[in-house]
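Close look at the chain arrangement
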Amino acid sequence: MKSDKKYKSTDRRHSIKKTRFGPLLTVLFCTLLFAAFIFALVLWGPKLMNLTLGCEPDWSCLTGSEPEATHAPTATPYATPDPAQSHALYGADLEKVQTEMLVESYQYLSDISYCAPYIVCVAGNYTTDGTAAFVRVVLHDTKTQQNTYLTLPQQYKSLRFPCVNENYVVYVDANGSGGGRIMSFNRATEQSIVLKTVHVGIPKLTLWGKYAAWIERTGSTRDKLFVCDVSTGESATIAIYNNSSFGLSEPCLYEGLLWYVDDGGILECLDIESSQTTAFNTGLYVHDPKYNGKQVAFITGNHGYDSDLYFFTADEPTPVLVSEGVIDFSLGDGFVSYCKNDKTYVYFFEDGVTFKITRSNETSLMLGAGGDFVIWMDTTWKDKDILEYMHVTEFDDEG
């Protein structure tokens, strides 16, 4: 009987599932496979979506090359507005908009100021001693260009530094070498009174309403700041300067506020009616402060080439530099005018735009400003005083 042969298998491999670690390895493998799927979806999903939507996909991650830069669409260019174009002076023909002030009867003019609608000055001729005697106060109407000549009480050689408003004229009846009388003239009654006898120098006056102010030399080294009621002649001493350069700084009286520099160099503002004083420590040397109802301007020297021009607003007293090397300046409504290097300039506070209003072939000396006007002397010619003026914020091409 034939017996069946039995064979013993020599294959010793066993199923992984039957091993001790089989279940753990299976779970690990499935986790890695799922992670690879998620990675592929994040990497190529957006590109496949772009391809579906008709966009060019970026396959640089597969090729190893950098993608070509895609330029952003060019914005439509818009010109930046030039703030100067918003001003009447932009592109103006200066020869047409500037007006010459003619005073035919007199050769010399001085002490220019503005009281709407008049340009105010004194006029005169040379005398036998070779100096000018100013004997008339001139009111030049900027609307009609007609002159009115005021004959005021005069005892000495010249009428100096007149200030005019609707009720009063104040002026200095001055000797040629200094000294004289500070006078008040009532325009309605034509009566005059002596406000003060001056012994040294010729004070420069400032007027607002029925009040006038000035700084006067009262001793060999002493100056005093006075405020006077021009209707009665009553005066008060506001500040005393002992051997101080601040005694040379002119005060400014406007809208009942007196702006001046005290003996310590601090800018002060005195309300005449309430007697309340506010101090402004600008951190700068202040000379000849001027006020137009909103801005205060001053220079940082005594009218030399080292004098810089600054301004600030009363509610934000941080000085802003306008220009360096300014010889003199004057305030108008919304602007300051100044002279520098024999030219006259206008700076607008609102946007900081500056215009040179002296024509290229001329030289000039800024004399005053007020309202909408700037006044200067044409110094191109030396044989006669030629005053010119112009609007700076509104005018037509015919001036």
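Remember, it's a predicted structure, so these values are computed and weren't measured experimentally.

**Overview of the environment of Glu324**
Topologically, Glu324 is positioned in the loop between strand S21 (316-323) and strand S22 (328-331). Residue classification places Glu324 among the partly exposed residues on the basis of a relative accessible area of 49%. In sequence terms Glu324 and Lys340 are 16 residues apart; their C-alpha atoms lie 8.6 Å from each other. Not counting the four nearest positions on each side in its chain, Glu324 is found in contact with Ser307, Asp308 and Lys340.

**Observations regarding unusual backbone geometry**
With an omega of 0°, the peptide bond between Ala116 and Pro117 qualifies as cis. Relative to the assigned elements, Pro117 resides in the loop between strand S2 (108-115) and strand S3 (118-126). For Asn243, which is not glycine, the phi dihedral falls at a positive 50°. Mapping Asn243 onto the fold places it in the loop between strand S13 (235-242) and strand S14 (252-254). Given the relative accessible area of 65%, Asn243 is considered exposed. Non-glycine residue His303 carries a positive phi angle of around 65°. With respect to the element layout, His303 can be found in the loop between strand S19 (295-299) and strand S20 (309-313).

Analysis parameters
Residues numbered from 1 in each chain as written. Predicted model: local features only at pLDDT ≥ 70, side-chain atom pairs only at ≥ 80, totals over all residues. Heavy atoms only, no water. Helix = DSSP H or I, 4+ residues; strand = E, 2+ residues; numbered from the N terminus. Buried < 20%, exposed > 50% of the residue type's maximum accessible area, 1.4 Å probe, protein only. Contact = heavy atoms within 4.5 Å.

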